[in-house]
Structure formats: structure tokens, C-alpha cells
Amino acid sequence: AQSVAQPEDQVNVAEGNPLTVKCTYSVSGNPYLFWYVQYPNRGLQFLLKYITGDNLVKGSYGFEAEFNKSQTSFHLKKPSALVSDSALYFCAVRASGGYQKVTFGIGTKLQVIP
Amino acid sequence: GAVVSQHPSWVICKSGTSVKIECRSLDFQATTMFWYRQFPKQSLMLMATSNEGSKATYEQGVEKDKFLINHASLTLSTLTVTSAHPEDSSFYICSVRWQLSTDTQYFGPGTRLTVL
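All of these numbers come straight from a predicted model, not from anything done at the bench. (Residues numbered from 1 in each chain as written. Chains lettered and ligands numbered in written order. Predicted model: local features only at pLDDT ≥ 70, side-chain atom pairs only at ≥ 80, totals over all residues. Heavy atoms only, no water.)

Engineer: How should I be thinking about a nonpolar patch on the surface in this particular structure?
Structural biologist: Taken together, the side chains of W10, I12 and L116 of chain B present a nonpolar region at the surface, about 390 Å² in accessible area. Residue position: L116 of chain B is located in the segment after strand 11 (111-115). (Patch = residues over 30% accessible without salt bridge, like charges linked within 9 Å, V, L, I, M, F, W, Y side chains within 5 Å. Areas by Shrake-Rupley, 256 points an atom, 1.4 Å probe, with all protein chains shown as cover. Salt bridge = Lys/Arg side-chain N within 4 Å of Asp/Glu carboxyl O. Helix = DSSP H or I, 4+ residues; strand = E, 2+ residues; numbered from the N terminus.)

Engineer: How should I be thinking about the nonpolar core in this particular structure?
Structural biologist: Ranked by size, the top nonpolar core spans 28 residues in total, and within it W35, L47, L48, F74, L76 and Y89 of chain A carry the most contacts. For this core, the secondary structure elements donating two or more residues are strand 2 (10-14), strand 3 (19-21), strand 5 (31-38), strand 6 (44-50), strand 8 (64-68), strand 9 (73-78), strand 10 (87-95) and strand 12 (108-113) of chain A. In terms of residue count, strand 10 of chain A provides more of this core than any other element does, 5 residues in total. In this view, L47 of chain A contacts W35, Y36, V37, G59, S60, Y61, F63, L76 and Y89 of chain A; residues no more than four positions away in its chain are not counted. The next biggest cluster of nonpolar side chains, apart from the first, holds 25 residues, and it includes M47, I69, V81 and V96 of chain B. (Core = buried A, V, L, I, M, F, W, Y, C linked by side-chain atoms within 4.5 Å. Buried < 20%, exposed > 50% of the residue type's maximum accessible area, 1.4 Å probe, protein only. Contact = heavy atoms within 4.5 Å.)

Engineer: Explain the pattern of salt bridges here, please?
Structural biologist: All names here are of chain A. Within the structure shown, the criterion is met by 5 salt bridges over all chains. Two residues, K58 and E64, come together in a salt bridge whose shortest N-O distance is 2.9 Å. Accessibility expressed as a relative area gives 63% for K58, which makes it exposed. Among the ionic pairs, K78 bridges to D85, the shortest N-O distance being 2.8 Å.

Engineer: What am I meant to see in the pairing of strand 7 (residues 67-73) of chain B here?
Structural biologist: One face of the sheet, then the other: side chains in a regular strand alternate in exactly this way. All names here are of chain B. In this structure, strand 7 lies alongside strand 8 (residues 76-81), joined through 5 bridges in antiparallel fashion. Looking at strand 8, one finds that F67 is bridged to V81. The turn linking strand 7 back onto strand 8 is made up of 2 residues. (Pairing = 2+ DSSP bridges.)

Engineer: Just checking my understanding: could you explain the pairing of strand 8 of chain B for this structure?
Structural biologist: All names here are of chain B. Within strand 8, 6 of the 6 residues are buried, leaving the element largely enclosed by the surrounding structure. Side chains of strand 8 alternate between two faces, with L76, T78 and T80 and S77, L79 and V81 buried alike. As judged from the 6 bridges shared by strand 3 (residues 19-25) and strand 8, these two strands associate in the antiparallel manner. Bridged to K20 within strand 8 is T80.

Engineer: Help me understand the sheet that holds strand 1 (residues 4-7) of chain B in this model?
Structural biologist: All names here are of chain B. Spatially, 1-3-8-7 is the arrangement adopted by the 4 strands of the open sheet, whose pairing is antiparallel. Two strands bound the open sheet, and with one partner strand each, they are strand 1 and strand 7. When strand polarity is set aside, the average angle formed by the axes of neighbouring strands in this sheet is 15°. Here 4 bridges tie strand 1 to strand 3, and the two strands are oriented antiparallel to one another. Among the inter-strand pairings, S5 is bridged to a residue of strand 3, identified as R24. (Axes fitted to C-alpha atoms, helices over the stretch in contact; angles between N-to-C directions.)

Listed below in C-alpha cells is the structure:
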């Protein structure tokens, strides 16, 4: 069975500092990996995905994520955090090919401190 | 990214009544729509997957007679919570997958249901 682990319930970072939100996964075969962001009482917004190709994926709002196959990780990063980045971040994984079910992590709350 | 709308954004109802939530894919035709439920401070729980023109596939533990899903067209799916009870209070989110790009799901803004 596939799974996603987001080991940190909450990440605090000062505005202007780099941020990292961690994600590790388990899936059979090649993974499709995703990051979504959720603001209070809103649905999930797609940030970025890794399907194939370059391990470093760039997404919306200056976010990027690095796929590391050997460590089965897909950490989300941003060079300089903004207060407006404060939200709940979900990592997700599915197996490649066809119509595969997506599994979400439990989410990490990012708090950017002014 | 794709635009997905949900209506209503929030609803309060009395116990025993039924509530219908609509999910629309505004940008493209969605062959598959998903319904999720999210509890406070928890991840998304997939309730069911619906394909246009066919019966929805429910996840284990989800009562199909209580959570009726209709996927009438490639742009509209509805979730009806029948005979709602306070324990059905939750945040319901729909998601769509594009007909021609099946690797990514796009989410609606969610519907907050409160059953009194």
C-alpha cells in the first residue's frame, strides 16, 4: 500500500528565511508526487508536481521541491518565506500510469513569523 | 490550473434533512470526480470516485445510501447527504481529473456542512 509521511505537524520560520516542509513516501513503481496548499476553510490549491524528468521541480508562488529517489523524499522548499505563505501544506503520492488513487499526507502547518 | 467550483460554500441544516452539494468543473471536461471529507486537523479522506455516466465507487466504510453521488455530465457532480446527523458535519471537498491529463487532481473550494 502506498503512503505519505509528513513528519512535522508544524513548521515555524521567520519571514525572509528559507523554508523546508518535509515529505517522504512509499509506493510501488515510479511515483507521481504532488504538493498542495490549503488556506483556512478553502479547498486545496495545486502547487507543483513531479512526474518525470528533472529532480528539481518549480511550482507556483516561488515554491520548489526536490525528488530524491534514494531517500524516497519530496521536500518542499522556498528560498525566502512570506507571511502570506502561512497555510496547511499537503504532500501526495500516486503510482504512475493510468487512473491511480492518490494518497495524501496528514498535512504540515507552516507558520511564517513576521 | 483548472477552476473547480462548489456550491454552496457553507450550509447549516437541521438533523434529518438532506443536503445537496454541487461540484462543477469550469475549465474542462472532467471524466472523473472525487469527493473527499476533511475532519479538523486531519488529512483528506476519499469518500468516493465518480465517473460520468456510471455509478460511483465508494471507499470502504462510506455508506453509499447516505452519501448519494450523481455524476450527470462531464462538468457536474453532486453529493447528497441524506438524513443528515450532527456527526456528518464536516468539510466536503470535490476534486476533478482532466480528461486529457490524468496525472493531476484539481480541487474545489470546499463546502462546510454543519448539522444541528
